[in-house]
Structures are given as C-alpha cells and as structure tokens.
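So the chains spell out like this:
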Amino acid sequence: MEFKIYTMAEIRAIPISDLREFAKEIGVRAPTTYTKEALENAVFDRLQEIDSRRKTPAELMSPRARAGIINKSLVPEEERSKYGPFKQLPKHAEVEKFVGWFRPYSGGDGIVSRKFLPKEDDLFISQSFVLGAKLEMGDKLEGDYIAGKDGAPGVVAHLMKVNGRQLSDHRAADVFHSERKRPTRLMDIWSSDSALRSFALAAPIAYGSRIFLSHGSDCSLTDFSLRLATSLEAKNLEVLALFLNALPEREAEIDALKGGSACSFDIPEKCARYAAEMICEAAFRMAEEGKDVALIVDNLEAVADFDLVRRILGAACALEKGSITVFASANEDIMERRAFKTAESVSDASVRFKATRGDVAVDFKQSSVKSGGMDWSLLDRLREIDGEAVSAIVRNCSTREQAENVLK
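Residues numbered from 1 in each chain as written. Predicted model: local features only at pLDDT ≥ 70, side-chain atom pairs only at ≥ 80, totals over all residues. Heavy atoms only, no water.

Participant: Break down the packing of aromatic side chains for me, citing the residues and quoting the values.
Facilitator: Taken as a whole and judged by the stated rule, the model has seven aromatic pairs. Ring geometry for Phe199 and Phe327: centres 6.2 Å apart, planes at 55 degrees, overall tilted. Here the residue Phe199 occupies a position in helix α5 (residues 194-202), and Phe327 occupies one in strand β12 (residues 323-331), the gap between them amounting to 128 residues. For Phe199, a relative accessible area of 0% puts it in the buried group. Ring geometry for Phe224 versus Phe353: centroids 4.9 Å apart, planes at 55 degrees, classification tilted. On the criterion of sequence distance, the pair formed by Phe224 in helix α6 (residues 222-234) and Phe353 in strand β13 (residues 349-356) is long-range, its members being 129 residues apart. Put simply, the rings of Phe199, Phe224, Phe327 and Phe353 pair up and form one aromatic cluster. The residue whose ring lies beneath Arg114 is Tyr145, and the NZ or CZ to ring-centre distance is 4.8 Å. (Phe/Tyr/Trp six-rings, centres within 6.5 Å; stacked < 30°, edge-to-face > 60°. Helix = DSSP H or I, 4+ residues; strand = E, 2+ residues; numbered from the N terminus. Buried < 20%, exposed > 50% of the residue type's maximum accessible area, 1.4 Å probe, protein only. Lys NZ or Arg CZ within 6 Å of the ring centre and 35° of its normal.)

Below, the structure written as structure tokens:
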C-alpha cells in the first residue's frame with residue numbers, strides 16, 4: 001500500500017481525528033493513546049521508516065507486518081488463530097501467480113525465492129503466515145502475490161499449495177532413519193550422448209546413490225551437467241539443479257530447466273552456502289511427498305565448507321515412496337583439499353572426467369566405485385580395457401544392456 005510521505009509541517013496541519021485514522025492505516029499502534037504532539041512524532045517516524053524501506057534493497061528489508069494477507073478460506077476455522085489477524089487485499093491490487101521455495105528470514109518472517117539464490121523478485125511472507133502453514137526451509141510454495149511498487153518487494157497474497165498439497169491438507173512429514181530402504185531400481189540415462197553413455201557404465205546410478213564427478217582445470221562439466229539434467233527430466237524425474245560460478249551467458253540456458261535452478265558468477269561464499277542448504281531441503285520436501293529427485297550441484301568447489309559438502313552428498317536417500325540421487329561435480333585443482341577428500345569419502349562413486357578431442361569423457365582408469373552394498377559395478381572390468389576400445393563399445397551399442405553383454 002502506498003502512502004504520501006508528509007513533512008512534519010504537513011503532519012501538524014492534519015486534524016487530530018484524521019491523524020489518528022491515518023496513523024492506524026500506516027501501522028502506528030494504539031494511536032488513540034497518544035497526545036497530539038506525540039502522535040505527530042510517531043506518524044513522522046513511521047513515514048520515515050516506510051520511506052527508507054522503499055529505498056532499501058529487498059534482501060535487507062524486514063517483511064514483518066506487510067505480508068499477512070492470506071486466503072483464509074483454505075485454513076480450518078480452529079486453526080485461524082495461528083495466523084494472526086487476516087488483512088484485506090488492497091483495492092485494485094494486481095495479483096499474479098508464483099511458484100517458489102521458502103527460506104526463513106529474520107524475526108520469524110520468511111522469503112519465497114523463485115530460485116535458490118537471493119534475487120530481486122523474492123517475495124516476503126510474515127511470521128504468522130510461516131507458523132500457521134508450518135513452513136520449513138525448502139518447502140515448495142504455489143500461490144498469488146502482489147507485485148511491489150517503487151522498488152518495494154512483492155508480498156505473498158494467497159498461499160494455495162505447499163509441496164503440491166492444498167494448504168489445509170499440508171503437514172510437514174517426519175522422516176526417520178528407519179524409513180530408509182536400500183534402493184532397488186536403476187536410473188537409465190542411456191542416450192545418444194556419448195559422454196552420458198560412458199557415465200551410465202561408470203557409476204551405479206541407483207535411486208539413493210551419491211555420485212561425485214571430479215575433473216581438472218583442462219575441462220568443465222557445466223555442459224555435461226546440463227545434458228545430464230535434461231536427460232533425467234526426459235526420464236520423468238524431478239530435477240533440482242544448482243550451478244555455482246557459472247558464466248552469466250549460461251544463465252538463460254540453466255534457468256530453462258524445468259526444475260528449480262540457480263546460476264551465478266563470483267558470488268559470496270555465504271550465498272553459495274545458503275543456496276546449497278536450500279536445494280538440499282527442497283529435495284527432502286519433494287522426496288517426502290513421494291517423488292524421485294535428481295539433485296545436481298555443479299562447481300562444488302564454490303562451497304568451501306567441508307561439512308556442507310558432506311551434507312550435500314549425504315542428502316542422497318531412498319524412502320518408502322520417494323528418493324534423492326545426488327550428482328555433484330568439482331574441479332579438483334581448485335577445490336580445497338579437505339573438502340575434496342570429504343566428497344570422495346562420502347560418495348558411493350567417484351567418476352573422473354578428462355578433456356578428449358574438445359569434449360569431456362569419463363576417465364575409467366581414475367574412476368572408482370565403493371563395492372559395499374552395491375550390486376552393479378562395471379568399473380573393475382572397464383579399467384582393464386583400453387580407453388579407445390571402451391569408446392567404440394559405447395558408440396556402437398544402443399542400450400546399456402547391450403553394452404554390458406559386450407563387456408562380459
């Protein structure tokens with residue numbers, strides 16, 4: 001809602017009755033308890049606060065008291081008190097649709113991001129809204145919002161769905177270790193792409209696997225990660241992709257993925273950490289809803305915290321109905337050594353890539369798979385075969401089963 005920013009002289013000229021109504025409208029609490037002079041000062045201070053917010057970057061603004069608008073028809077009568085007072089939509093407000101992910105903000109408020117990194121089109125959501133809907137970091141939200149004006153941020157107006165469920169049906173799922181089961185199905189990413197074919201032979205791409213993709217400074221895996229995401233989307237998997245330190249010209253291509261993605265270049269370390277935490281939580285929420293998720297993190301070396309590296313790869317799991325399979329790539333020449341060793345140690349498979357004829361290819365000699373608990377591994381056999389011979393097999397076989405038969 002827009003307000004005229006009055007000067008102190010203009011405020012003093014407003015009759016006390018009108019000033020009390022205006023004070024209530026702009027959020028001054030209990031205006032009837034003020035004297036005329038005290039109310040004038042309170043109104044002036046409040047208007048200065050509103051004016052400063054308009055000039056403050058969205059990420060630095062507090063959303064409190066401006067995002068309490070909600071479609072109360074979706075909330076059971078007995079639970080409405082949890083949301084605090086409902087506000088009416090501003091007259092003539094332009095309401096638009098949004099899909100995004102929730103993350104907590106200061107003071108119990110929250111932010112809805114269309115992508116995982118902070119963006120200018122982030123939406124604000126109030127504390128009472130967060131508590132009433134029982135929102136957790138990474139929840140996928142769908143609803144309506146009111147676009148901000150004059151640089152002000154957008155505000156969530158109606159929350160329709162949380163993790164694909166109607167708001168009135170949403171309850172955060174509790175996930176216990178006992179619910180996890182050993183994955184039994186394999187992800188088939190065989191395609192016309194030679195690199196993806198080699199990758200399908202090099203790693204046990206089972207639901208719930210954690211796969212570490214390493215490479216040196218001679219090549220980049222951004223193109224490969226994009227093709228991997230596209231291939232998995234074609235297999236009807238839910239894909240969440242996070243591309244860190246990607247060049248700006250790649251942003252449009254990355255954002256074209258169906259799954260939520262983020263792209264940035266030379267971002268602060270804390271932003272990379274926040275985005276990585278967000279995408280892990282989003283994957284958990286989707287797996288709890290019974291979906292099979294492929295979590296792809298490109299340029300993992302941007303995450304310097306080895307505990308967070310452990311958490312990203314450790315997000316892989318297989319639940320009774322859903323699963324998360326993690327693919328994380330990193331430049332071993334750049335990544336901090338302790339973080340790199342951590343990634344190798346917690347992975348089910350470490351697949352090494354190298355530059356070959358202007359493209360990337362799997363380096364079978366340096367790739368490895370942990371044998372414990374894995375039923376399917378061809379690497380021991382592949383290490384014994386010359387690289388050119390393996391490439392010829394990959395090129396001439398139309399299915400993975402056919403390639404396996406040749407390699408027996």
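Next, the rest of the story.
Participant: Give a description of the nonpolar core that names residues and reports values.
Facilitator: Core analysis: the largest hydrophobic core is formed by 48 residues, its most contacted members being Phe199, Ile211, Phe224, Leu232, Phe327 and Phe353. Top element by residues in this core is α5. It accounts for six residues. In this structure Phe224 touches Ala195, Leu196, Phe199, Leu213, Phe353 and Val360, once residues within four positions along its chain are discounted. Core analysis: the next-biggest nonpolar cluster, separate from the first, contains 44 residues, Ala272, Ala275, Leu308 and Met335 among them. (Core = buried A, V, L, I, M, F, W, Y, C linked by side-chain atoms within 4.5 Å. Contact = heavy atoms within 4.5 Å.)

Participant: I'd like a rundown of the layout of surface pockets, residues and numbers included.
Facilitator: Space inside the second largest pocket adds up to approximately 530 Å³. The wall of the second largest pocket is formed by 23 residues, among which Ser194, Thr356, Ala361, Gly387 and Ser391 lie closest to the centre. With six residues, helix α12 (residues 387-396) is the single largest residue contributor to the lining of the second largest pocket. The residue inventory of the lining of the second largest pocket, partitioned by class, reads nine nonpolar, five polar and nine charged. (1 Å grid on protein atoms, 1.4 Å probe; cavity = no way out; pocket = protein on both sides within 12 Å on 5 of 7 lines; lining within 4 Å. Points joined across faces, edges and corners; volume = space filled by probe spheres on them. Nonpolar A, V, L, I, M, F, W, Y, C, P; charged D, E, K, R; others polar.)

Participant: Outline the packing of α5 against α6, supporting the account with residue identities and numerical values.
Facilitator: Helix packing geometry: the angle between the two helix axes and the distance between the axes. Here α5 crosses α6 at 75 degrees, and the two axes come no closer than 10 Å. The angle between the axes of α5 and α6 places the two elements in the roughly perpendicular class. Across the interface between the two elements, Ala195, Leu196 and Phe199 of α5 pack against Phe224, Arg227, Leu228 and Ser231 of α6. Residue composition of the contact of α5 with α6, grouped by class: five nonpolar, one polar and one charged. (Axes fitted to C-alpha atoms, helices over the stretch in contact; angles between N-to-C directions. Parallel < 35°, antiparallel > 145°, perpendicular 65-115°, else oblique.)

Participant: Explain the pattern of salt bridges to me, using residue names and the numbers behind them.
Facilitator: Following the criterion strictly, the structure yields 16 salt bridges and no others. Ionic pairing is found between Asp144 and Lys97, a salt bridge with its closest N-O pair at 3.0 Å. Separated by 47 residues along the polypeptide, Asp144 in strand β4 (residues 140-146) and Lys97 in strand β1 (residues 95-104) bring together distant segments of the chain. For Asp144, a relative accessible area of 7% gives the class buried. For Arg381, the salt bridge goes to Glu384, with nearest N and O atoms at 3.3 Å. A residue is classified by how much of its surface remains accessible, and Arg381, at 36% relative accessible area, is partly exposed. (Salt bridge = Lys/Arg side-chain N within 4 Å of Asp/Glu carboxyl O.)

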